[in-house]
Amino acid sequence: MKTFKDLQTQWKNQEEVQVPENGAERIMTTLTDIKRKQRLTNGILLTTAVVLICFFFYVSAFKFQTVLIGLLLMIGSLFFRIVLELLSLKKLRSMDPLNRAVEYKRQMIRYYDRRRIIHLVITPLIILTYCVGFWLLLPAFNSSLSAGFYQYIVWSSVVVLLILGFFIGRQIQEELKVLRGLKE
């Protein structure tokens, strides 16, 4: 058991948390940017899912098992990602920036640690699932489309995947940079 003097000495030797100038304003700006980006991401994902659902009914995908499985994998992976983003937004909204600075910082670090897991583990699995679904559609595209249009779909999907990968990578780097800044 520690004596009162030991506790008092430890208390006095604690590091003082320096509050940065305009700290609250910077936090609110960062939070607003994060929420805006997540809403934009959800909008894009939801639009893509709606287009795929329309395509699903347009081609009567339920009549063809491979097409059905492929489209369900693609649509399911998009909706799974949308749910993850909505849960992240809900968690972000539940954090109170008016909390004590130390507690709020801990909450933000936990939030970004979860986001890192989402980005580095779950997102690649979602993209892989989406690509498998698309790959399952290729034989149906090959048999029902002209050779030129089929090649266009294949090559444009590769280009879209590369561009999407670039933007996802950049977003991950930005969030990891914020996390490193919070941990310093």
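Bear in mind that the values here come from a model prediction, so they are computed numbers and not experimental data. (Residues numbered from 1 in each chain as written. Predicted model: local features only at pLDDT ≥ 70, side-chain atom pairs only at ≥ 80, totals over all residues. Heavy atoms only, no water.)

(A) Highlighting the overall build of the chain. Helix and strand content of the chain: five helices and zero strands. For the chain, buried positions account for 26% of its 184 residues. Approximately 13100 Å² of the chain is accessible, and the part contributed by carbon and sulfur atoms is 67%. (Helix = DSSP H or I, 4+ residues; strand = E, 2+ residues; numbered from the N terminus. Buried < 20%, exposed > 50% of the residue type's maximum accessible area, 1.4 Å probe, protein only. Areas by Shrake-Rupley, 256 points an atom, 1.4 Å probe, with all protein chains shown as cover.)

(B) Quick look at the pattern of salt bridges. Evaluated as defined, the whole model comprises six salt bridges. For Asp113, the salt bridge identified is with Arg116, shortest N-O distance 3.5 Å. Pair noted here: Asp113 and Arg116 are both in helix H4 (residues 101–144), with a separation of three residues, about one helical turn. The partner of Glu174 in a salt bridge is Arg170, with the nearest N and O atoms 3.9 Å apart. (Salt bridge = Lys/Arg side-chain N within 4 Å of Asp/Glu carboxyl O.)

(C) Fine view of the packing of aromatic side chains. Under the definition given, this model contains four aromatic pairs. Look at Phe166 and Phe167: their rings are 5.4 Å apart centre to centre, the planes differ by 70 degrees, and that puts the pair in the edge-to-face class. Residue classification places Phe167 among the partly exposed residues on the basis of a relative accessible area of 43%. (Phe/Tyr/Trp six-rings, centres within 6.5 Å; stacked < 30°, edge-to-face > 60°.)

(D) Layout of the packing of helix H3 (residues 65–94) against H4. Contact geometry of H3 with H4 gives a least axis separation of 7 Å together with a crossing angle of 165 degrees. As the angle between them shows, H3 and H4 are arranged roughly antiparallel. Crossing of H3 over H4 shows left-handed handedness. For the contact of H3 with H4, the per-class residue count stands at 20 nonpolar, eight polar and five charged. (Axes fitted to C-alpha atoms, helices over the stretch in contact; angles between N-to-C directions. Parallel < 35°, antiparallel > 145°, perpendicular 65-115°, else oblique. Left-handed = near helix turned anticlockwise from the far one by under 90°. Nonpolar A, V, L, I, M, F, W, Y, C, P; charged D, E, K, R; others polar.)

(E) H4, seen in detail. For H4, with 44 residues, the first-to-last C-alpha span of 60 Å sits near the 64 Å given by 1.5 Å per residue. Along its length, H4 shows its largest kink, about 40 degrees, at Ile122, and proline Pro124 lies within four residues downstream of that point. (Expected span 1.5 Å × (residues − 1). Bend = angle between axes of the 7 residues up to and from the residue.)

(F) Region of interest: the confidence of the model for the chain. On average, residues of the chain score 81 in pLDDT, and 82% of them reach the 70 mark or higher. Looking over the chain, one finds the lowest element-wise mean pLDDT in helix H1 (residues 4–12), namely 63, and the highest in H3, namely 89. (pLDDT = per-residue confidence, 0-100.)

(G) Structural context of the nonpolar core. Of all hydrophobic cores here, the largest spans 17 residues; its most connected members are Leu52, Leu71, Met74, Phe134, Leu137 and Phe141. The greatest single-element share of this core, amounting to six residues, is contributed by H3. Two domains each provide a minimum of three residues to this core, namely domain 1 (28–58) and domain 2 (63–184). Once residues lying within four places of it in the same chain are set aside, the contact partners of Leu137 are Val67, Gly70, Leu71 and Met74. Grouped together as the second largest cluster of nonpolar side chains are seven residues, Ile34, Leu92, Tyr104 and Tyr111 included. (Core = buried A, V, L, I, M, F, W, Y, C linked by side-chain atoms within 4.5 Å. Domains from an automatic or database assignment. Contact = heavy atoms within 4.5 Å.)

(H) Spotlight on the side chain of Ser77. Along the chain, Ser77 turns up in helix H3. Accessibility expressed as a relative area gives 5% for Ser77, which makes it buried. Excluding residues that lie within four positions of it along the chain, Ser77 makes contacts with Ile126, Thr129 and Tyr130.

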